[in-house]
Every structure is written in structure tokens, then in C-alpha cells.
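Remarks on the overall topology
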Amino acid sequence: MITRRHFLKGMAAGTAAMAVSGPIPAQAAPGPPNIIFILADDIGYGDLGCCGATKVKTPNLDRIAREGVRFTDAHSTAAVCTPTRYSFLTGQYAWRNPDGDHILSGVAPLAIPKGMATVPSLLKEAGYATGVVGKWHLGLGTKEKPVDYNQDVQPGPLEAGFDYAFFFPATGDRVPCVFVENHRVMGLDPSDPIQVSYEQKVGNDPTGEEHPELLKIKADKSHSKTIVNGVSRIGYMSGGNSARWVDEDIADTFTRKAVSFIEQNKDHPFFLYFAPHDIHEPMVPHPRFRGTSECGWRGDVIHQLDWSVGEVLAALDRLNLAGNTLIIFTSDNGGAIKDTYDDGTNALHALQPPNAPLRGEKGTLYEGGHREPFLARWPGKISAGTTSDELIGLIDMLAMFTAVAGGALPSDAGPDSYNVLPALLGEKRAAPLRDHLVLQINGREPLAIRQGPWVLINKRRGKKQPADVKNAELYNLAEDLAEKDNVAKKYPEKVKELTALLDRVCSTPRSRT
Ligand code: CA
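Residues numbered from 1 in each chain as written. Predicted model: local features only at pLDDT ≥ 70, side-chain atom pairs only at ≥ 80, totals over all residues. Heavy atoms only, no water.

A separate point is the environment of Leu-421. Here Leu-421 lies in helix H9 (residues 421-424). Look at Leu-421 and you get buried, because its relative accessible area is 6%. Linking Leu-421 and Thr-255, residues 166 residues apart in sequence, is a C-alpha distance of 27 Å. (Helix = DSSP H or I, 4+ residues; strand = E, 2+ residues; numbered from the N terminus. Buried < 20%, exposed > 50% of the residue type's maximum accessible area, 1.4 Å probe, protein only.)

What follows is the structure in C-alpha cells.
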């Protein structure tokens, strides 16, 4: 194993793979760059100013685009939270692992297999301090020993390779509504233990179904269980009252912890995975952001997210780290259109469609479900103000970050992850960096496959239906980005070819060649 000391020694001797192309930065800093990966929640392709939005203002995110590269064909790999996050951290398609291929509850076991190489485990071996701040949603505990929030909460992020973790377990709309730091629930009073169930009511806390008059925002049936902070959730919890979060303060808390991690690790290479709650439901902006956008609370939480990113950028400037930091901003799936909470934003989607100009939304295999804003800044390495139309996936971050750190990628690590660094650096290649990309929703099937301009979607694949022209959709994205014209009948040979390719990827344990 390579220790940090050994790695830095290697850097000093000029042996690490930092000699990538591009001009030498004015303030070239020695050593490998810090890496900050900001994964927003449910941000759509059209949600940022630099991606065409006009009814919200995102000056800090626009700054990253202005000072770096913006990708127009980057994909979250899945159209919902958990599988995207699993693929990002492991470089393995989530549909290969039944534990991580679907949206997890707050009591699901850790989806990442013990001993599996992850982004943080590889970067740790390359000498990095590794931290995660924000939404976890990859399970905690094991099948044999389910998570107990009153004891050590593990295995979890630390066992997956992080040195430091500050997170909430699942989603903002799921119990338990508490923060965990490393292995312990923050602020928990042992005399008021936490109980959690997704099957039956526990304790005496009111639910949204029983007491709608207690709610700040009304919710649909599945989100109408235990009320915490005036918001009903998915699932039941009792106890842990002193540890419960206040929704309006989540962004402040996560941002403070992210900046603190940067400050504490400023003297050596670090990797920060910052996963804000924004803009997932429930969208409950801090009062200082309310009414600041033209798109209701949805726009206001985009402003809140932009502020969080701005705080990270300001910390890099203040600590003189910006010149030696690769910072990436993207999102885990497309914008959600259907409001499960009645916060009034549904009526405002027409003002600024979250996934414009794409078809579909979160939870669909159309482009709106998984094509994402992807911004990357690395002064002196990435040319400022550029765009790239290279096909990349968030699943590629494992191979790419390992290359950025100068670490070695074991042959069995990240089986579906490609090093797409040349695209960030603007290097011209004759062939695409990745030949194809498989996309999923929530569960093993259905899948879509993208190759070149073509995307094949077979929504009935899970029902063992062959992808023939009758039940497949085929689009040529170069000519029809909005996926209005299904050309499956026109190009039956292409349907056959992509079906065979998808079957081949599914029948082998790895797709990186
Ligand atoms: Ca999400």
C-alpha cells in the first residue's frame, strides 16, 4: 500500500502522473491537486444560469463554468439517487449489484461490498485525506446486523474508504431526520433513543395522515408518515428529539462542515465529496433565500445551493488553494417534475422547465432523467470558458480521479469506469473516450444504452421482452435531442445492434476494456 508520505515523496521526485498537457498555471503549486466533487440532488439539465436558466441566478456555479469547462453530454448513469451514488463511488454499474441498484430506505444495509475499491479508498492509497459531507443514501449497517442509530452507526462511509464523514443517512424526505458524524448520531440524548421503522408506526409522534393541521407543507400519502419540523416524511421514527434536524438549516450545516473539512486539510492533498441536500424535496429554503427567485421555493433552493457552492469557492480563494484544486459540480439525476410535497412549485415549471430542452425527468430513461450539468475547474489545466460534447458518466470519476492523483488503478477496480480526464483537459482524440454507456432507473431493469448519437430505450426489458422494434424506442440525439421522433421502425438493424451490445455488457462483469 502506498502511504501519503511515500506518495508525496514520489511527487517530489517528479514521478507522479501530473504532467498532463496544458499551460503551466501562474501559481503552480507542487503536489497532486485537491479534488472536490459536488454532487447536487435532483438538479436538471436546464436549472443553472450557465445552462440557459433565466428565472434563477447561479453566479457561483456560472463562475465555475466561466473559469473551467462545461460538458453538454454528461450523464448521472442512473435517473434516481442511490444507483448514481453507488456507481460514482465504485465505478461499477449499480444494476450489477442488487443491494445498490434502487432507492434505499433509512434502514437498508450498506450497499457497497466490503473490500470493494472506491473513489475514497483509492485516493486514500494515493495519499489523500478523504471526506464526505452531505447526503449518504447508500445504506448503513449490514443485513446480519441492521443499523442501530443509538449505537455505532456502521459499516458506512468510513468503512467505504472515507477518513471523515458528516452526513444524513438517506434523504431529506425519509426518516431518521438526524445527522451522523463518523459513527455517531450528532446531539443524541441516550435517554431518548431513536426508533425507526418503514413498516409500522413507532412511538407517539404525530403523522401527516393523522394531523395534517400540523404541517408546513402538505404531502402525498407515501410522504405523510412521521412529522419532523412540521414536515411529514417517508417512514416512522420516534425519539432522538434533541438530534433532529431543522430543514431550513441543513444547507448551512452541510456547508459549514464542508468548508471546515477544507480548512482542516489545507496542508495536504484532500478529496472532498460534498453532497448537498438541495434541491431534493422537501424544498424548505432558509428564510434568507425565500422569495429570491422567480420560481417559488424550487428556485429559492437553487439559490441556496449556489450559495453553498460559493462558500466552497470562497474558502479555496481564502486559503490560496484554488490554483491546485480540481472542483467538479454535477447532479445525481434530472429535475423532478411531480411534486410529492405541495410547495406550489409545480405550477411554476412552465416558467423555466427544469430539464429543458430535454424530454423526461427524474425517474425516466429519457435524457431529462440522467443528462446533467457537469462543470469542472482546474486552473492552468482546464481551459477557461470551454465546453465539451464528449460522452461521459459520473461512473467515470473513479478512474479519472485515480489518474488525477497519480495513483494506480487496480485491474479489478471500477469495472465500468473510464478515465475521461483527456476530455476535461480539452485533448482532441480520434475516438470517443468511452464507446457506450448504459443507463438505468430504479432497479435492475429496464435499461437504456447509448452509443454515438444513438440511444436505445427498452422500457419493457424487465418483463423479458426482446428489444425489437415493437417495444423499443430509438432516438438519434444528434438530430433529435428532445427525443420526439422514435425511429426504431426506421432503423431495425440499429435496434438489433444496440440490443446485442447491451446484452453483451450485461452478461460480462465489466465493460472497461
Ligand atoms: Ca436525486
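So, next bit.
In the structure shown here, the tally under the stated rule is 22 aromatic pairs. Ring geometry for Phe-179 against Trp-245: centres 6.0 Å apart, planes inclined by 40 degrees, an arrangement best described as tilted. Of this pair, Phe-179 sits in the loop between strand E4 (164-168) and strand E5 (180-181) while Trp-245 is found in the loop between strand E10 (236-238) and helix H5 (250-264), placing the two residues 66 residues apart along the sequence. For Phe-179, a relative accessible area of 10% corresponds to the buried category. Owing to a relative accessible area of 2%, Trp-245 belongs among the buried residues under this scheme. The interplanar angle of 65 degrees and the centroid separation of 5.2 Å between the aromatic rings of Trp-454 and Tyr-491 together place this pair among those described as edge-to-face. With Trp-454 in strand E18 (residues 454-457) and Tyr-491 in the loop between strand E19 (473-476) and helix H10 (492-507), the pair connects residues that are 37 residues apart, well separated along the chain. Site record: aromatic cluster; members linked through ring pairs are Phe-37, Phe-88, Trp-136, Phe-162, Phe-167, Phe-271, Tyr-273 and Phe-401. (Phe/Tyr/Trp six-rings, centres within 6.5 Å; stacked < 30°, edge-to-face > 60°.)

With that settled, the discussion passes to the environment of Tyr-164. Mapped onto the secondary structure, Tyr-164 falls in strand E4. Look at Tyr-164 and you get buried, because its relative accessible area is 19%. Taking C-alpha positions, Tyr-164 is 8.4 Å from Ala-129, a pair spaced 35 residues apart along the chain. In contact with Tyr-164, other than residues within four places in its own chain, are Thr-130, Gly-131, Val-132, Val-133, Leu-158, Glu-181, Asn-182, Lys-257 and Phe-261. In terms of polar contacts, Tyr-164 uses its side chain to reach the side chain of Glu-181, at 2.5 Å. (Contact = heavy atoms within 4.5 Å. Polar contact = N/O pair within 3.5 Å; in protein donor to acceptor, adjacent residues only side chain to side chain.)

Turning next to the coordination of the calcium ion. Within the protein, the calcium ion binds to Asp-41 (OD), Asp-42 (OD), Cys-81 (SG), Asp-332 (OD), Asp-332 (OD) and Asn-333 (OD1); these donor distances fall in the range 2.2 to 2.7 Å. Geometry at the calcium ion is irregular, judged from its six donor atoms and the angles of 51 to 155 degrees they form at the metal. If you list the donors of the calcium ion from N- to C-terminus, the spacing comes out as D-D-x38-C-x250-D-N. Highlighted residues: Asp-41 in the loop between strand E1 (34-40) and helix H2 (59-67) and Asp-332 in the loop between strand E12 (325-331) and helix H7 (367-370), separated in sequence by 291 residues. (Donors = N, O, S within 2.8 Å, 3.2 Å for Na, K, Ca; no water. Tetrahedral: all angles 85-135°; square planar, octahedral: opposite > 155°, others 65-115°.)

One way to put it is that H5 packs onto helix H6 (residues 296-318) with a least axis distance of 10 Å and a crossing angle of 20 degrees. With respect to each other, H5 and H6 are oriented roughly parallel. For the pair H5 and H6, the sense of crossing is right-handed. Between H5 and H6, the contacting residues are Ala-251, Asp-252, Thr-255, Val-259, Ile-262 and Glu-263 on the first element and Gln-304, Trp-307, Ser-308, Glu-311, Val-312, Ala-315, Leu-316 and Arg-318 on the second. Of the residues that constitute the contact of H5 with H6, the class distribution is seven nonpolar, three polar and four charged. (Axes fitted to C-alpha atoms, helices over the stretch in contact; angles between N-to-C directions. Parallel < 35°, antiparallel > 145°, perpendicular 65-115°, else oblique. Left-handed = near helix turned anticlockwise from the far one by under 90°. Nonpolar A, V, L, I, M, F, W, Y, C, P; charged D, E, K, R; others polar.)

Consecutive residues of a regular strand have side chains that alternate between opposite faces of the sheet. Residues Trp-454 and Leu-456 point to one face of E18 and Val-455 and Ile-457 to the other, with burial holding for every one of them. Pairing analysis gives four bridges linking strand E17 (residues 447-451) to E18, with the strands arranged antiparallel. When the sheet's bridge partners are listed, Gln-451 is paired in E18 with Trp-454. Between the antiparallel neighbours E17 and E18 lie two residues, among them Gly-452 with a positive phi of about 60 degrees. Taken together, the four bridges between E18 and E19 define a ladder with antiparallel strand orientation. Note on E19: the bridge partner recorded for Trp-454 is Asn-476. (Pairing = 2+ DSSP bridges.)

In this section: the domain arrangement of the protein. Considered domain by domain, the protein is made up of domain 1 (4-24 + 32-184 + 245-424), domain 2 (195-238) and domain 3 (445-507). When each unit is reduced to the centre of its C-alpha atoms, the spacing between domain 1 and domain 2 is 28 Å. Listed per partner, the contact involves 23 residues of domain 1 and 17 residues of domain 2. Overall, the association of domain 1 and domain 2 removes approximately 1600 Å² of surface from exposure, summing both partners, and the carbon and sulfur fraction of that is 64%. On the domain 1 side of the interface with domain 2, the three residues burying the most area are Val-175, Thr-340 and Tyr-341, jointly 35% of the side's total. (Domains from an automatic or database assignment. Buried area = accessible area lost by both parts, 1.4 Å probe.)

Looking now at the pairing of strand E13 (residues 371-377). The element E13 is extensively covered by neighbouring structure, given that seven of its seven residues are classed as buried. Across five bridges, strand E2 (residues 69-75) lies against E13 in antiparallel orientation. Residue pairing across strands places Phe-71 opposite Phe-374, the latter belonging to E13. Two strands pair when backbone bridges link them, and E12 and E13 are joined in this way by three bridges, in the antiparallel orientation. Each bridged residue has a counterpart across the sheet, and for Phe-329 the counterpart in E13 is Leu-375.

Residue Ile-279 follows Asp-278 across a cis peptide bond; omega there is 10 degrees. With respect to the helices and strands, Ile-279 occurs in the loop between strand E11 (270-275) and H6. The amide bond that connects Glu-281 to the next residue, Pro-282, takes the cis arrangement and shows omega of -5 degrees. Structurally, the position occupied by Pro-282 is in the loop between E11 and H6. With phi around 80 degrees, Thr-77 is a residue other than glycine that occupies positive phi space. Inspection of the secondary structure assignment puts Thr-77 in the loop between E2 and helix H3 (81-90). Phi at Asn-229 takes a positive value of approximately 55 degrees, unusual for a residue other than glycine. When you line up the elements, Asn-229 lands in the loop between strand E8 (227-228) and strand E9 (231-232).

The strands making up a sheet associate through backbone hydrogen bonding, with each pair oriented either parallel or antiparallel. Taken in spatial order, the four strands make up an open sheet running E16-E17-E18-E19, and their pairing is antiparallel. Each having just a single partner strand, strand E16 (436-440) and E19 make up the two edges of the open sheet. Neighbour-to-neighbour, the strand axes of the sheet open up by a mean angle of 15 degrees, direction not taken into account. The strands touched by H10 are E16, E17, E18 and E19; relative to E17, the strand with the most contacts, the crossing angle is about 110 degrees.

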